[in-house]
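# What the coordinates show
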Amino acid sequence: MPRIEPLTPPYTADVDRALRRWMPPGVPHEPLALFRVLHRNPELASRMFALGAGLLGHGLLPAIDREIVIARVTARSACAYEWGVHAATLAPQAGLGMEQLRATTQPDAAVSAHWLPRHTALLHAVDELHDTTQLTQSAWDALHMHYEEAQLLELLVLIGWYRTISYLANGLLLEEEPWATPFPTR
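Let me begin by describing the structure that accompanies this report. (Residues numbered from 1 in each chain as written. Predicted model: local features only at pLDDT ≥ 70, side-chain atom pairs only at ≥ 80, totals over all residues. Heavy atoms only, no water.)

### Things to note about the nonpolar core
- Ranked by internal contacts, the top residues of the largest apolar core, which has 40 residues, are Val 69, Tyr 81, Leu 143 and Leu 155.
- The set of elements that each furnish at least two residues to this core consists of helix H1 (13-22), helix H2 (33-38), helix H3 (42-57), helix H4 (63-76), helix H5 (80-88), helix H9 (117-132) and helix H11 (149-172).
- One finds Leu 96, Ala 110, Trp 115 and Leu 123 within the second-largest nonpolar core, a separate group that totals 16 residues. (Core = buried A, V, L, I, M, F, W, Y, C linked by side-chain atoms within 4.5 Å. Buried < 20%, exposed > 50% of the residue type's maximum accessible area, 1.4 Å probe, protein only. Helix = DSSP H or I, 4+ residues; strand = E, 2+ residues; numbered from the N terminus.)

### Side note on the packing of H9 against H11
- It is the contact of H9 with H11, at a shortest axis distance of 11 Å, that shows an interaxial angle of 55°. When the interaxial angle is binned, H9 and H11 end up oblique. Judged by the twist between their axes, the crossing of H9 over H11 is right-handed. Of the residues in H11, those in contact with Leu 122, Val 126, Leu 129 and His 130 of H9 are Leu 155, Leu 156, Ile 159 and Arg 163.
- For the contact of H9 with H11, the residue count by class is six nonpolar, one polar and one charged. (Axes fitted to C-alpha atoms, helices over the stretch in contact; angles between N-to-C directions. Parallel < 35°, antiparallel > 145°, perpendicular 65-115°, else oblique. Left-handed = near helix turned anticlockwise from the far one by under 90°. Contact = heavy atoms within 4.5 Å. Nonpolar A, V, L, I, M, F, W, Y, C, P; charged D, E, K, R; others polar.)

### Regarding the environment of Thr 120
- Mapped onto the fold, Thr 120 is located in helix H9.
- Classification of Thr 120 as partly exposed rests on a relative accessible area of 21%.
- With 22 residues separating them along the chain, Thr 120 and Ala 142 place their C-alpha atoms 9.0 Å apart.
- In this view, Thr 120 contacts Ala 110 and Trp 115; residues no more than four positions away in its chain are not counted.

### Thoughts on the pattern of salt bridges
- Counted under the stated rule, the structure contains seven salt bridges.
- The shortest N-O distance in the salt bridge between Arg 17 and Asp 14 comes to 2.5 Å. Residue Arg 17 and its partner Asp 14 are both found in helix H1; the two are separated by three residues, about one turn of the helix.
- Classification of Asp 14 as exposed rests on a relative accessible area of 55%.
- A salt bridge links Arg 66 to Glu 67; the shortest N-O distance between them is 2.9 Å. For the pair Arg 66 and Glu 67, a shared accessibility class is recorded, and that class is buried. (Salt bridge = Lys/Arg side-chain N within 4 Å of Asp/Glu carboxyl O.)

### Here we look at the packing of aromatic side chains
- Using the criterion set out here, one finds three aromatic pairs in the structure.
- Judged by centre distance (5.4 Å) and plane angle (45°), the rings of Trp 22 and Phe 49 are tilted. Of this pair, Trp 22 sits in helix H1 while Phe 49 sits in helix H3, placing them 27 residues apart in sequence. With respect to class, Trp 22 is no different from Phe 49; both count as buried.
- Summarising the aromatic geometry, the rings of Trp 83 and Phe 183 are spaced 5.2 Å apart at their centres and angled 85° between planes, so their arrangement reads as edge-to-face. Of the two residues, Trp 83 sits in helix H5 while Phe 183 sits in the segment after H11, which places them 100 residues apart along the sequence.
- Residue Trp 83 is classed as buried on the basis of its relative accessible area of 1%.
- Ring pairing ties together the aromatic residues Trp 22, Phe 35 and Phe 49, which thus form one cluster. (Phe/Tyr/Trp six-rings, centres within 6.5 Å; stacked < 30°, edge-to-face > 60°.)

### A look at unusual backbone geometry
- Of note, the bond from Pro 9 into Pro 10 is cis; its omega dihedral lies within 30 degrees of zero at 0°.
- Here Pro 10 shows up in the segment before H1.
- With phi around 60°, Thr 133 is a residue other than glycine that occupies positive phi space.
- When you line up the elements, Thr 133 lands in the loop between H9 and helix H10 (137-144).
- Positive phi, normally seen in glycine, also occurs at Leu 173, with a value near 60°.
- Turning to its location among the elements, Leu 173 is positioned in the segment after H11.
- Note on Leu 173: relative accessible area 40%, which makes it partly exposed.

Here you go:
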């Protein structure tokens with residue numbers, strides 16, 4: 001049971017409008033529990049929406065690269081909630097297969113699947129930041145071979161954002177969405 005209960009319908013007109021903005025058009029699911037909890041504090045939800053929507057809908061990174069990063073960050077953070085949401089929706093749309101998604105949950109993710117060199121660099125960078133909050137020069141150089149500076153800035157924000165989302169979902173004890181992809185057991 002979550003520590004803060006998500007809002008349930010009927011929503012006020014303002015909350016309904018805000019929640020519909022958070023969900024892609026035509027999605028057959030209720031708004032995510034995470035979004036419904038965040039709307040217990042509408043001001044905070046509004047501020048978070050700008051960054052989250054910007055990273056997902058207007059980013060400079062290729063969608064598959066973005067989803068590899070999100071899968072690895074949420075897997076390393078043991079956030080089954082967010083990993084499962086992305087694995088069921090945005091990751092497949094971006095071209096990430098189930099074998100690759102499962103590999104992001106393994107300790108040796110960078111060698112667990114057939115990754116392009118830029119994807120291996122992403123996985124190593126996520127792991128270094130997760131373990132040390134630093135990037136070695138060799139990790140930075142590996143990224144810089146594949147990405148421009150504006151993309152590298154976005155990448156660092158993306159990694160930090162999904163670490164924050166993982167902390168939020170884990171701290172709230174959010175239960176996995178019923179339609180989400182189950183987090184692989186080791």
